[in-house]
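Coordinate inspection notes
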Amino acid sequence: MKAACFCVPAINWRADPGHKEPFRAARMARVENTMSDQAFDVVLARSGRTVHVSAGQSIANALLDAGIDVAVACEEGMCGACVVPLLAGEADHRDTVLGDDEQQRAIALCCSRARTPSLTLDL
Ligand code: FES
């Protein structure tokens, strides 16, 4: 009787999986956008606090540095763990999880930035 080998999965492995391209494109766009990052403020509607976000710093890191607990996971705009409601201001969305309609009322704190001097969050 011939023994079967189960050490190599019987799949067709592709050297260059095309399904990763959108993520790579989004990551490259974030890298290019980082070159022109500007500082801005984040206003927390519930507490009235204002937190400054420096150029090159994420909103999530600015909030964590200020002692404000926010959820983060992938830190690359791909999982949605850091998404919070956006109440005012225009966001520069750099995530891959929010749809066009969701971008009008939410923001991913780990990667997105502001196109206006401040953003108001429902935090
Ligand atoms: S931590 Fe995953 S999208 Fe922000």
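To be clear, the structure that these remarks concern was listed above.
Predicted, not measured: the structure shown is a model, and the values here were computed from it. (Residues numbered from 1 in each chain as written. Predicted model: local features only at pLDDT ≥ 70, side-chain atom pairs only at ≥ 80, totals over all residues.)

1. Some thoughts on the nonpolar core
In this structure, Val 42, Ile 59, Ile 107, Ala 108, Leu 109 and Leu 119 are the most contacted members of the largest nonpolar core, which totals 21 residues. Within the residue set of this core, elements represented by two or more residues are strand S1 (40–44), strand S2 (50–53), helix H2 (59–65), strand S5 (106–108) and strand S7 (118–121). The greatest single-element share of this core, amounting to 4 residues, is contributed by H2. Dropping the residues within four chain positions of it, Ile 107 is found in contact with Val 83, Val 84, Leu 86, Ala 91, Ser 112 and Leu 119. (Core = buried A, V, L, I, M, F, W, Y, C linked by C-beta atoms within 7 Å. Buried ≥ 20, exposed ≤ 12 C-beta atoms within 10 Å, placed from the backbone. Helix = DSSP H or I, 4+ residues; strand = E, 2+ residues; numbered from the N terminus. Contact = placed C-beta atoms within 7 Å.)

2. Focus: the sheet that holds S2
What the 5 strands build is an open sheet, ordered S2-S1-S7-S3-S5; its pairing is mixed. Taken across any chain shown, the strands that pair with only one partner, and hence form the sheet edges, are S2 and S5. When the angles between neighbouring strand axes are averaged without regard to direction, this sheet yields 40 degrees. With 2 bridges joining them, strand S3 (residues 83–88) and S7 adopt antiparallel strand pairing. Bridge pairing in S7 links Leu 86 to Leu 121. (Pairing = 2+ DSSP bridges. Axes fitted to C-alpha atoms, helices over the stretch in contact; angles between N-to-C directions.)

3. Looking at the environment of Asp 69
Take Asp 69: it is sitting in the loop between H2 and S3. When the C-alpha positions of Asp 69 and Leu 123 are compared, they lie 10.0 Å apart, and in sequence the two are 54 residues distant.

4. Some words on the environment of Val 53
Within the fold, Val 53 resides in strand S2. Of the residues examined, Val 53 has 25 C-beta atoms within 10 Å and is grouped as buried. Along the sequence, Val 53 and Ser 118 sit 65 residues apart, while their C-alpha atoms lie 9.5 Å from each other. In this structure, Val 53 is in contact with Ala 39, Phe 40, Asp 41, Val 42, Ile 59 and Ala 62, ignoring residues within four places of it in sequence.

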